[in-house]
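# Report on the structure
The chain contents come next:
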Number of protein chains: 2
Amino acid sequence: MTQPHDHIVKSYDEERQRLLGEILRMGGMAAAQLQAALDVVERRDDAAAARIIANDEAIDALEKEVSHDVMKLALRGPMARDLREILAALRIASDIERIGDYAANVAKRSTALNQAPPLPHTRGLNVLGQLALGLVRDVLDAYRGNDATAAQRVRERDAELDAQYTGLFRELLTYMMEDARVITPCTHLLFMAKNIERIGDHATNIAENVWFLVHGDDALPPREKRDETNTVARPDLNEN
Amino acid sequence: MTQPHDHIVKSYDEERQRLLGEILRMGGMAAAQLQAALDVVERRDDAAAARIIANDEAIDALEKEVSHDVMKLALRGPMARDLREILAALRIASDIERIGDYAANVAKRSTALNQAPPLPHTRGLNVLGQLALGLVRDVLDAYRGNDATAAQRVRERDAELDAQYTGLFRELLTYMMEDARVITPCTHLLFMAKNIERIGDHATNIAENVWFLVHGDDALPPREKRDETNTVARPDLNEN
């Protein structure tokens, strides 16, 4: 049965689908940037790092474009129930943009690391990075499939990334204490690890937005809470 | 002369003004949090730090509320020229929320610092923090007054904050090299300095959104560019 305004409704929906595709494309770019950044750390490849840093601008530009287009769509006066979808799209695009920033930061610091002799401590960074990459890919799939359960699983796995980050952080501190000559490169590695830990937080944000998209403001199920009762003396504080 | 729909237009405008007020209130809260965080570092006051960390939730909740209300306003179908204002409001609220996060992180790390004997190195952090606080306050004033010139001045002053950050970072590294026992507390200070440097970046983002609000997509005037040509060996890399 043909509804009144069928043509307008349909083209609004097409526009929505196009925007969803754009956001997922952004997400794919951010995941590829992270993968590439982890590779250049291992390969000590300054030229490739420079390309990653330059590529970040494309993600930034896409985020600006997407949020502009999402808002234009909102101004067409959709029904109130679309509010959730529009808000989620804006927030997810912004989280993807931040993931891209952090990946570019890892690449940037890799070129600084390359000024010093190779350190054996980059292996732990790669393990951490692969965990983060898994979270990013899986949460984008959850968004694509409108799958709140899969999103919730990503949210739970962030605790694993945090534990890995804590281990790496402490390990790096011991190297710094043992040999003052590695303090500067290990400082880079500390910040790189922090960047990757933050990527996990943004994947978690996206997971929460997928949940919100599917279930609205219904309370999120509890997740394994990082034990922060005795973190005050710990150097690897979980930050926001 | 009375326009048609005068009542609706007026109440839309009232709603806009109310939201602007909310965002500025959020900004005031974030600035107060930063001020309080800098104070607790000096006073080594764990209880006050815990209050700052708890207060951050209020800013987070306000950001969610504001972005929700801004979108509801957008859905009322304003004219296309309001798009800029709505986008700027969403982005500025999000930058303020991040500033609040970074202030809470500084407070969180201050309690970690308090587990160790006092260090003389917190003075530099305070100088850095006061510079950042000045940027935050001035950019909120620029937003309040719709003043693109004042916003542009804030943007230029971020280079000063970056220079101060670089100096502090290098200073902290030398302490770590001289005495392995201060490596852990100095790592906290490095991350605290980084948090404050990031606050400057978010103040700059807000400044750019004020410019966008006033001038649209007209190109921003150039600003003093951080010289990154020889930063590769520098431990204080400017990140995104």
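As recorded by an unreviewed UniProt entry, chain A carries the name Phosphate-specific transport system accessory protein PhoU and is attributed to Luteimonas endophytica. Entered under Sequence similarities (unreviewed entry) in the UniProt record, the comment concerning chain A runs "Belongs to the PhoU family." Under Subunit (unreviewed entry), UniProt gives the following word-for-word description of chain A: "Homodimer."

Once that is clear, we can look at the layout of surface pockets. All names here are of chain B. Counted as a void, the second largest pocket has a volume near 380 Å³. In this structure, the second largest pocket is lined by 19 residues; those nearest its centre are Arg16, Leu20, Glu85, Tyr143 and Leu213. Contributing elements (two or more residues each) for the lining of the second largest pocket: helix H1 (6-43), helix H2 (46-75), helix H3 (82-113), helix H4 (122-144) and helix H6 (183-215). A total of 6 residues in the lining of the second largest pocket trace back to one element, the largest contributor, which is H3. Among the residues forming the lining of the second largest pocket, the class breakdown is 11 nonpolar, 2 polar and 6 charged.

All chains considered together, the criterion is met by 28 salt bridges over all chains. Glu239(B) is paired through a salt bridge with Arg109(A); the nearest N and O atoms lie 2.6 Å apart. Separated into two different chains, Glu239(B) in the segment after H6 and Arg109(A) in helix H3 (residues 83-113) make up a pair that spans both. As far as the burial class goes, Glu239(B) and Arg109(A) line up, both buried. Between Arg18(B) and Asp69(B) there is a salt bridge, with the nearest N and O atoms lying 3.3 Å from each other. Of this pair, Arg18(B) sits in helix H1 while Asp69(B) sits in helix H2, and the two are 51 residues apart along the sequence. Overlapping salt bridges, with partners in common, bring together Arg109(A), Lys194(B), Glu197(B) and Glu239(B) in one network.

Rules used throughout
Residues numbered from 1 in each chain as written. Chains lettered and ligands numbered in written order. Predicted model: local features only at pLDDT ≥ 70, side-chain atom pairs only at ≥ 80, totals over all residues. Heavy atoms only, no water. UniProt positions renumbered as here; feature names shortened; annotations may be inferred. 1 Å grid on protein atoms, 1.4 Å probe; cavity = no way out; pocket = protein on both sides within 12 Å on 5 of 7 lines; lining within 4 Å. Points joined across faces, edges and corners; volume = space filled by probe spheres on them. Helix = DSSP H or I, 4+ residues; strand = E, 2+ residues; numbered from the N terminus. Nonpolar A, V, L, I, M, F, W, Y, C, P; charged D, E, K, R; others polar. Salt bridge = Lys/Arg side-chain N within 4 Å of Asp/Glu carboxyl O. Buried < 20%, exposed > 50% of the residue type's maximum accessible area, 1.4 Å probe, protein only.

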